[in-house]
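Reading the structure
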Amino acid sequence: MDMTVEIGHVQANNDFSGTVLVKDSTSTLVELSYGYANRSEQLRNNSLTRFGIGSGCKIFTAVAICQLVESGKLSFESRLKDCVDVYFPNFNEEVTIHHLLTHTSGIPDYYDEEVMGVGDFEELWRERPMYHIRTLKDFLPLFQKSAMKFEPGAQFSYNNAGYILLGLVVEAASQQRFTDYVQENVFNKAAMSRSGYFEFDTLPGNTAQGYIDFSDGSWKTNIYSLPAKGGSDGGAFVTVHDMDKFWDALMNHQLISPELTQRMLKDHVRADDEDCYGYGVWVTKTPESIVKYHVMGYDPGVSFHSAYYSDKAMKAIVCSNRSTGAADIVRCIEGEIL
């Protein structure tokens, strides 16, 4: 059956709001938009709408680190304590950049997804309001003095704070704000002209509001649920076409060398029964081949999935401004193409 028809059926069942793009090496297979970028004004989502992608942008942080390794300013075995001038009284001094990239550092997290659900995110901001969180250092009081969870390298445990620290490493090594570094060295190099780390109170035009829906049919936006400005662990805004450009730039070695691209995409650690983890990217594989490299992001008012299917040179990008929905669309796409 036609993939567009199948996606339409899924959209009708889950009231998906967002934009979908599926491409192969030569053509666009699917380009669809549903729902409203702004419900109050009845402004519809379209293929140029910017969407928040939550943790989907950890891959940008990984690229930034790889670029700094390539330029000789870091190594993957550099210790965190030697890279940033921040005091962590209870951290193991052997935590390395590699540990942080692969979620194997054992450091405490400010938002532990194994303990807290997505709906609990607002609890973080009771003591320190989200409108004060605009730089990476603003996150430090949330976890800086907490105890280690386990010894570095002992296991995989998804960790947002680890990527905050990687952003601080980028800032120290480059002498630039993290968001400025990524804008200049990732977004601009990949021609991602509509992407950026925008602040919630100064969003540019055609940016989707994130919506949190309730069982009684009411809703609210996510502006009081997330930091005022995203950073190295999540919170960039992209369009589906810009994400398509990112995959092309990464796979064509326009951002980092072939050797470092290979290292970034390597299955460094087993994350669960289905996936391994590279540097900022999930890797799904069989004994014979790589099925896909993929990224995802879930926040209140955000659901995002994007994948590069290496055997087929195909890309799927699904951006949604609701808390759920992107995964269902991706499952539908993969049912057609895999």
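Here, every reference points to the structure presented above.
This section reports on the structure supplied with the text. (Residues numbered from 1 in each chain as written. Predicted model: local features only at pLDDT ≥ 70, side-chain atom pairs only at ≥ 80, totals over all residues. Heavy atoms only, no water.)

Take the overall build of the protein chain next. Helix and strand counts for the protein chain stand at nine helices and 14 strands. A globule of 338 residues ought to have a C-alpha radius of gyration of about 20 Å, and the protein chain, at 19 Å, matches this closely. Taken along the three principal axes of its C-alpha coordinates, the protein chain extends 55 × 45 × 35 Å. A burial count over the protein chain gives 57% of its 338 residues as buried. When contacts within the protein chain are restricted to residue pairs at least 6 apart in sequence, long-range pairs at least 24 apart make up 65% of them. (Helix = DSSP H or I, 4+ residues; strand = E, 2+ residues; numbered from the N terminus. Rg over C-alpha atoms; globule rule 2.2 N^0.38 Å. Buried < 20%, exposed > 50% of the residue type's maximum accessible area, 1.4 Å probe, protein only. Contact = heavy atoms within 4.5 Å.)

Taken in spatial order, the eight strands make up an open sheet running S2-S1-S14-S13-S12-S11-S10-S9, and their pairing is antiparallel. Two strands bound the open sheet, and with one partner strand each, they are strand S2 (28-34) and strand S9 (269-270). By the bridge criterion, three bridges tie strand S10 (residues 275-277) to strand S11 (residues 282-285) in an arrangement that is antiparallel. Counted as the bridge partner of Tyr277 is Trp282 from S11. Together, strand S1 (18-23) and S2 form the strand contacts of helix H1 (residues 3-14), whose direction differs from that of S2 by roughly 25 degrees. (Pairing = 2+ DSSP bridges. Axes fitted to C-alpha atoms, helices over the stretch in contact; angles between N-to-C directions.)

In globular proteins that are soluble, nonpolar side chains generally tend to be buried together. Within the largest apolar cluster, 78 residues are counted, with the highest numbers of intra-cluster contacts made by Phe60, Ile65, Phe143, Leu165, Phe246 and Leu250. Ranked by the residues each element gives to this core, the list is headed by helix H2 (residues 58-70), at nine residues. Setting aside residues no more than four positions away along its own chain, Phe246 makes contact with Ile59, Phe60, Val63, Val186, Ala190, Met192 and Leu255. Val30, Tyr34, Val318 and Ile333 belong to the second largest nonpolar core, which has 20 residues in total. (Core = buried A, V, L, I, M, F, W, Y, C linked by side-chain atoms within 4.5 Å.)

Below, the discussion takes up the environment of His99. Relative to the assigned elements, His99 resides in helix H4 (residues 97-101). His99 sits in the buried class, given a relative accessible area of 14%. A sequence separation of 22 residues divides His99 from Glu77, and the C-alpha atoms of the two residues are 8.6 Å apart. For His99, the residues in contact, after removing those within four places along its chain, are Glu94, Thr104, Ser105, Pro152 and Gly153.

This brings us to the pattern of salt bridges. Considering all chains together, one arrives at 16 salt bridges under this definition. We note a salt bridge from Asp82 to Arg79, for which the minimum N-O separation is 3.1 Å. Classification of Asp82 as exposed rests on a relative accessible area of 51%. Between Asp213 and Arg322 there is a salt bridge, and its shortest N-O distance comes to 2.8 Å. In this pair, Asp213 sits in strand S6 (residues 211-213) while Arg322 sits in the loop between strand S14 (314-320) and helix H9 (326-337), placing the two residues 109 residues apart along the sequence. By relative accessible area, Arg322 is classed as buried at 15%. If you follow the salt bridges from partner to partner, you end up with Asp15, Arg39, Asp213 and Arg322 in one network. (Salt bridge = Lys/Arg side-chain N within 4 Å of Asp/Glu carboxyl O.)

Every α-helical turn comprises 3.6 residues, leaving residues that sit three or four positions apart pointing alike. For helix H7 (residues 240-251), spanning twelve residues, the distance from its first C-alpha to its last is 17 Å, which sits close to the expected 16 Å at 1.5 Å a residue. With respect to burial, H7 is a largely interior element, nine of its twelve residues being buried. Those residues of H7 that fall on the buried side of the exposure criterion are Val240, Asp242, Met243, Asp244, Phe246, Trp247, Ala249, Leu250 and Met251. The first or second residue beyond H7 is His253, which carries a positive phi of 65 degrees. (Expected span 1.5 Å × (residues − 1).)

We now examine the pairing of S1. A large share of S1 lies buried, amounting to six of its six residues. Of the two faces of S1, the one holding Gly18, Val20 and Val22 and the one holding Thr19, Leu21 and Lys23 are both buried throughout. With six bridges joining them, S1 and S14 adopt antiparallel strand pairing. By the bridge assignment, Gly18 is partnered in S14 with Ser320.

Moving on to the packing of aromatic side chains. This model, assessed by the stated rule, comprises 17 aromatic pairs. Between Tyr110 and Phe139, the ring centres sit 5.2 Å apart and the planes meet at 50 degrees, which makes this aromatic pair tilted. Placement of Tyr110 in the loop between H4 and helix H5 (160-174) and of Phe139 in the loop between H4 and H5 is noted, with a sequence separation of 29 residues between them. As far as the burial class goes, Tyr110 and Phe139 line up, both buried. Summarising the aromatic geometry, the rings of Phe200 and Phe237 are spaced 6.3 Å apart at their centres and angled 85 degrees between planes, so their arrangement reads as edge-to-face. In this pair, Phe200 is assigned in the loop between helix H6 (178-187) and S6 and Phe237 in strand S8 (residues 237-238), connecting sequence segments 37 residues apart. Take Phe200 and Phe237: they sit in the same class, and that class is buried. Within the aromatic cluster, the residues linked to one another by ring pairs are Phe60, Phe178, Phe187, Tyr197, Phe246, Trp247 and Tyr308. Above the ring of Tyr211, the side-chain terminus of Arg39 is found at 4.2 Å from the ring centroid. If you follow Lys58 out to its NZ or CZ, it ends over the ring of Tyr163, 5.8 Å from the centre. (Phe/Tyr/Trp six-rings, centres within 6.5 Å; stacked < 30°, edge-to-face > 60°. Lys NZ or Arg CZ within 6 Å of the ring centre and 35° of its normal.)

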